[in-house]
Amino acid sequence: MKTPPLRSFRSENFKAICDSGTIKFGWLTALIGNNGSGKSSLIEALETFRDVVVDGLDPAMRRWRGFEHAINKSREQKLLSREGKRACFSHPMSFRFHWQNGNFDLRGQQTIAQGSSEDSVFIQEEKLTQRRSGVVQQRTRNDRGEIIVSGGGEHLRRLDLEALGDGESLFHSFSRDVFERWRFLMLNPENMGRPQPQQRAASAIQLAKDGANVAEYLQEMRDTDVKAFDGLLDAMRYVLPYARDLQPTLAHVLGRQFYLRMKEQSFDVPGWLLSTGTLRIVAILACLRHPKPPPLLVIEEIENGLDPRTLHLVVEEIRAATAAGTTQVILTTHSPYLLDLLDLSHIVVVERDEGQPVFRRPDVKQLAEWSKSFAPGRLYTMGRLTRENQ
């Protein structure tokens, strides 16, 4: 099997995280830990980094009501230098990543800081190294806001880079297509069941974070590859045998709005009457079975609303997608049953150490004897995956 595209990620001074350390990801990675341990902070750091690259700094920070709320508060910030409106602090927010897809290798780091007044934030430093078929290109933004380009004839793009604002990432021009197809799901079945306005101007439909546009996403899937859509229906019927059909429907009388209809026996059930679990499994299957699936799919609390049989189906679908090399999956869970379906190599344990989140993989060698008798879920409930009990 080829290597997973997101090889590693590191976050510093974001929300609860002082320094996550470099976390290496496989095709499937499950983050486990108690409530408040820091699982969501890591997922949110990854998503915030994506948003800075794709949309810019201001939209990415708007979710947190401003940079001052997203920066980690446990470290004392010291002013190291000042130049005009720019200020260099001792503990800025920073992200590092490594993305590899075949002969395309992308490594980058990004630092975000507050200005000398609280009225401004800016991307302080960035470094992007891209290797494609042996050709290396590098772009750097230093703490004075200067852009330096080297390698691969990229001097032709210098003027574009010099026009970047303080909140625009230099990654955007060269690698936006890598990040914009990452999908982060925190599904909200209440929104998913309601009719949603048609996305008429979009070139491609991407499933929304809350899954609200799942009906239109399914319509786009059916238009693109009807066999893939029929395969989704077959998988759905495995856990919902009473469901004869599921169809996305465009209602003109509602002002061109999409909604779902499920056929049971001789009657239709509209999306707003479908169960929480039904809507969640449809959205997850749609992402995994789409003819153009996301290269990276991140799902928080994947077990919510799903019975054990459906969770088993989800894990099998994830295994099929990762084995095919179409989608890398990162998930968070509290479910011992789901963990029992995984290998110890899939797990990253998140714990608090002196108040700070720590991310580590369990010591498989040390747990070898235990794992002969107990599956990962049982080891988790026994406390054997935590550092102090290994």
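Located above this text is the structure these notes cover.
The model shown is predicted, which means the values in this text are computed figures rather than measured ones. (Residues numbered from 1 in each chain as written. Predicted model: local features only at pLDDT ≥ 70, side-chain atom pairs only at ≥ 80, totals over all residues. Heavy atoms only, no water.)

(A) Focus on the environment of Lys-292. Tracing the backbone shows Lys-292 in the loop between α9 (276-289) and β17 (296-299). C-alpha of Lys-292 to C-alpha of Thr-224: the two residues are 68 residues apart in sequence and 9.0 Å apart in space. (Helix = DSSP H or I, 4+ residues; strand = E, 2+ residues; numbered from the N terminus.)

(B) A look at the side chain of Ser-11. Here Ser-11 lies in strand β1 (residues 6-14). On the basis of relative accessibility, which here comes to 0%, the residue Ser-11 falls in the buried class. Contact partners of Ser-11, with chain neighbours within four places excluded, come to Ile-17, Cys-18, Asp-19, Ser-20, Ala-45, Ser-94 and Phe-95. (Buried < 20%, exposed > 50% of the residue type's maximum accessible area, 1.4 Å probe, protein only. Contact = heavy atoms within 4.5 Å.)

(C) Representation of unusual backbone geometry within the structure. Non-glycine residue Asn-13 carries a positive phi angle of around 60 degrees. In this structure, Asn-13 sits in strand β1. A relative accessible area of 2% means that Asn-13 is categorised as buried. Positive phi outside glycine occurs at Glu-354, with the angle close to 55 degrees. On the secondary structure map, Glu-354 appears in the loop between β19 (347-353) and β20 (356-360). Look at Glu-354 and you get exposed, because its relative accessible area is 79%.

(D) Structural view of the nonpolar core. Counting 56 residues, the largest nonpolar core has Leu-218 and Met-236 as its most contacted members. Per element, the largest residue contribution to this core is nine residues, and it comes from α9. Setting aside anything within four residues of it in sequence, one finds Met-236 in contact with Ala-243, Leu-246, Met-262, Val-282 and Leu-285. Counting 46 residues, the second largest nonpolar core, distinct from the first, contains Leu-31, Ile-43, Ile-123 and Trp-182. (Core = buried A, V, L, I, M, F, W, Y, C linked by side-chain atoms within 4.5 Å.)

(E) Highlighting the pairing of strand β9 (residues 121-132). Two elements, strand β8 (residues 104-114) and β9, share 11 bridges in a ladder whose sense is antiparallel. Bridge pairing links Gly-108 to Leu-128 in β9. Two strands pair when backbone bridges link them, and β9 and strand β10 (residues 135-141) are joined in this way by seven bridges, in the antiparallel orientation. By the bridge assignment for β10, Arg-132 is matched with Val-135. If you look at the hairpin formed by β9 and β10, you'll find two residues sitting between the two strands, and Ser-133 has a positive phi there, around 50 degrees. (Pairing = 2+ DSSP bridges.)

(F) Here's a closer look at the sheet that holds β19. Spatially, β12-β17-β18-β4-β19-β20 is the arrangement adopted by the six strands of the open sheet, whose pairing is mixed. Both outer strands of the open sheet, β12 (183-185) and β20, are each paired with one neighbouring strand and no more. The mean inter-strand angle of the sheet, taken between neighbouring strand axes irrespective of direction, is 20 degrees. Across the sheet, helix α1 (residues 39-55) touches β4 (28-32), β12, β17, β18 (328-333), β19 and β20, and the angle it forms with β12 is around 145 degrees. (Axes fitted to C-alpha atoms, helices over the stretch in contact; angles between N-to-C directions.)

By themselves, these figures tell us nothing about what the structure is for.
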